[in-house]
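Structural overview for review
One-letter residues, chain by chain:
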Amino acid sequence: QVQLVESGGGLVQPGGSLRLSCAASGFTFSIYAMSWYRQASGKERELVARINGFGRSTNYADSVKGRFTISRDNAKNTVDLQMNSLKPEDTAVYYCNANSPRDVDYWGQGTQVTVSS
């Protein structure tokens, strides 16, 4: 049974930092591409960052380039998202995603990130 459990969300002031973590189980983690998506209230879910199975390739949304960093630890089956210089427009529910080699998607339950003074 595939499980993705996010943690690390919360309330932070503009300019602050948060680190999200996703713990994965129930599948061969190292061969799955892992991503973080987010969905703000009233908006569609969007890709924030993606990392391939071996961690050699990453992609970021233009809106977070230079501020967010995605990383993975295949020994621990975790994928993290380090978020720096947070802005109010980063406020959203953040979701962990696992994409199989056959392009099947699995999702976590989401964690709320709120950037506000």
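Described in the following lines is the structure provided in the data block. (Residues numbered from 1 in each chain as written. Predicted model: local features only at pLDDT ≥ 70, side-chain atom pairs only at ≥ 80, totals over all residues. Heavy atoms only, no water.)

Notes on the packing of aromatic side chains
Any pair of aromatic rings gets described here by the distance separating the centres and the angle formed by the planes. Following the criterion strictly, the structure yields four aromatic pairs and no others. For the pair Phe-27 and Phe-29, a centre-to-centre distance of 6.2 Å together with 45 degrees between the ring planes defines the contact as tilted. Geometrically, the ring pair formed by Tyr-37 and Trp-107 is edge-to-face, given 4.9 Å between the ring centres and 65 degrees between the ring planes. Of this pair, Tyr-37 sits in strand S4 (residues 33-39) while Trp-107 sits in strand S10 (residues 105-107), and the two are 70 residues apart along the sequence. (Phe/Tyr/Trp six-rings, centres within 6.5 Å; stacked < 30°, edge-to-face > 60°. Helix = DSSP H or I, 4+ residues; strand = E, 2+ residues; numbered from the N terminus.)

Considerations on the side chain of Arg-67
Here Arg-67 lies in the loop between strand S6 (58-60) and strand S7 (68-73). A polar contact of 2.8 Å, which involves the side chain of Arg-67, links it to the side chain of Asp-90. When near neighbours in sequence (up to four residues on either side) are disregarded, Arg-67 contacts Gln-82, Met-83, Asn-84, Ser-85, Leu-86, Lys-87 and Asp-90. (Polar contact = N/O pair within 3.5 Å; in protein donor to acceptor, adjacent residues only side chain to side chain. Contact = heavy atoms within 4.5 Å.)

Re the sheet that holds strand S1 (residues 3-7)
An order of S1-S3-S8-S7 is seen for the four strands of this open sheet, with the pairing classed as antiparallel. Two strands close off the open sheet at either side, each with one partner strand: S1 and S7. Neighbour-to-neighbour, the strand axes of the sheet open up by a mean angle of 15 degrees, direction not taken into account. (Pairing = 2+ DSSP bridges. Axes fitted to C-alpha atoms, helices over the stretch in contact; angles between N-to-C directions.)

Notes on the environment of Met-34
Note on placement: Met-34 falls in strand S4. Residue classification places Met-34 among the buried positions, given a relative accessible area of 0%. Linking Met-34 and Cys-96, residues 62 residues apart in sequence, is a C-alpha distance of 7.4 Å. The contact partners of Met-34, leaving out residues within four places of it in the chain, are Leu-4, Phe-27, Phe-29, Ala-49, Arg-50, Ile-51, Ile-70, Arg-72, Val-79, Cys-96, Asn-97 and Ala-98. (Buried < 20%, exposed > 50% of the residue type's maximum accessible area, 1.4 Å probe, protein only.)

By themselves these figures say nothing about function.
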